[in-house]
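Architecture at a glance
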Amino acid sequence: MGHDHIDPSYHKWISGWPSRNLDVVLMGEDGVVERFLRYSAGADVAVVEGVIGLYGSVDGVSELGSTAQVAKLLKAPVVLVLNGDRVNRTLRAVVRRLKAFDPSVAIPGVILTRVALGPGGEACQVPPRGRGRY
């Protein structure tokens, strides 16, 4: 989504597929859906990388240009990737509010980065594979 000149080269290197821009501001809602369907045809999975936060938008008021808007247009689930460094229970509150902010955005999972191990080697109290309540 949006303008990017670095990540697309990484995407192609990792997936073997070229990245495509999905920018609602530049192509409109119909243009985003059409482009997504055209370039994901035949794929088992399509990954859409969001920008400026899940609900960040062009004007900061509407959802125009937000990752949430594109996810809803594509009927795509959102997997949040959040920095887990030194946030502990606060992250649960953040995820709950992100989910409640717009219930029409499907958020089935969260990936935590930078999760420090505790003295006993435990990483966090959320069971693996998203079975915890967040």
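Source: prediction; values computed, not measured. Note on numbering: residues in each chain are counted from 1, in written sequence order. Local features in this predicted model are restricted to residues of pLDDT 70 or higher, and side-chain atom pairs are both shown and tallied only at a pLDDT of 80 or more, whereas totals for entire chains, interfaces and linings draw on every residue. The basis for every side-chain value is the complete set of non-hydrogen atoms in the structure, without hydrogens or water.

1. Considering the pattern of salt bridges
Basically, it comes down to this: Every case where a carboxyl oxygen of Asp or Glu lies within 4 Å of a side-chain nitrogen of Lys or Arg is listed as a salt bridge. Each helix is a run of H or I in the DSSP string that is no shorter than four residues. Each strand is a run of E no shorter than two, and both are numbered from the N terminus. Partly exposed residues are those whose accessible area sits between 20% and 50% of the maximum for their type, while under 20% is buried and over 50% is exposed, using a 1.4 Å probe and protein chains only.
All told, the structure shown has 5 salt bridges when counted by the stated rule. Among the salt bridges present, the one from Arg38 reaches Glu34, with a minimum N-O distance of 2.9 Å. Note that Arg38 and Glu34 are positioned in helix α2 (residues 24-40) at a spacing of 4 residues, about one turn of the helix. Overall, Arg38 belongs to the partly exposed group, its relative accessible area being 44%. Judged by relative accessible area, which is 40%, Glu34 ranks as partly exposed. Linking Asp85 and Arg86 is a salt bridge whose minimum nitrogen-to-oxygen distance equals 3.9 Å. Looking at Asp85, the relative accessible area reads 24%, which means it is partly exposed. We classify Arg86 as exposed; its relative accessible area is 80%. Residues participating in the shared-partner salt-bridge network are Glu63, Lys72 and Asp102.

2. A short note on the nonpolar core
Just so we agree on the cut-off: Only buried Ala, Val, Leu, Ile, Met, Phe, Trp, Tyr and Cys residues count toward a nonpolar core, and they belong to the same one when joined by side-chain atoms within 4.5 Å. When checking whether two residues touch, look at their non-hydrogen atoms; a contact exists if any pair is within 4.5 Å.
Judged by nonpolar contacts, Leu54, Tyr55, Ala68, Ala71, Val78, Leu80, Leu82, Leu91, Val95, Val105 and Ile107 together constitute the single largest core of 11 residues. Of all the secondary-structure elements, those providing two or more residues to this core are α3 (67-74), β1 (79-83) and α4 (90-101). Filtering out sequence-adjacent residues up to four positions away, Ala68 remains in contact with Leu54, Tyr55 and Val105. Counting residues in each nonpolar core, the second largest holds 6 residues, with Leu22, Val32, Phe36 and Leu74 among its members.

3. A look at α2
Basically, it comes down to this: A helix's residues, less one, multiplied by 1.5 Å, set its expected span. We define the bend at each residue as the angle formed by axes fitted to the 7 residues ending at it and the 7 residues starting at it.
For α2, spanning 17 residues, the distance from its first C-alpha to its last is only 17 Å, which falls clearly below the expected 24 Å at 1.5 Å a residue. By the largest-angle criterion, Asp30 marks the main kink of α2, which is about 75°. Restricting attention to buried positions, one finds in α2 the residues Val24, Val32, Phe36 and Ser40. In this structure, the buried side of α2 is in contact with α3. Positioned one or two residues after α2, Gly42 has a phi angle of 85°, which is positive.

4. Re the confidence of the model for the chain
Defined as follows: As a per-residue measure, pLDDT reflects the predictor's confidence and takes values from 0 up to 100.
Scored by pLDDT, the chain has a mean of 85; 82% of the residues are at 70 or more. Averaged over each element, pLDDT in the chain is lowest for helix α1 (residues 7-15) (82) and highest for α3 (97). In the predicted structure, residues 127-131 sits below a pLDDT of 50 and forms 1 contact with residues beyond four places in sequence or in another chain.

5. Points about the environment of Lys75
Position of Lys75 relative to the elements: it lies in the loop between α3 and β1. Judged by its relative accessible area of 75%, Lys75 is exposed. Each C-alpha atom of the pair Lys75 and Ala106 lies 8.3 Å from the other, and the pair is 31 residues apart in sequence.

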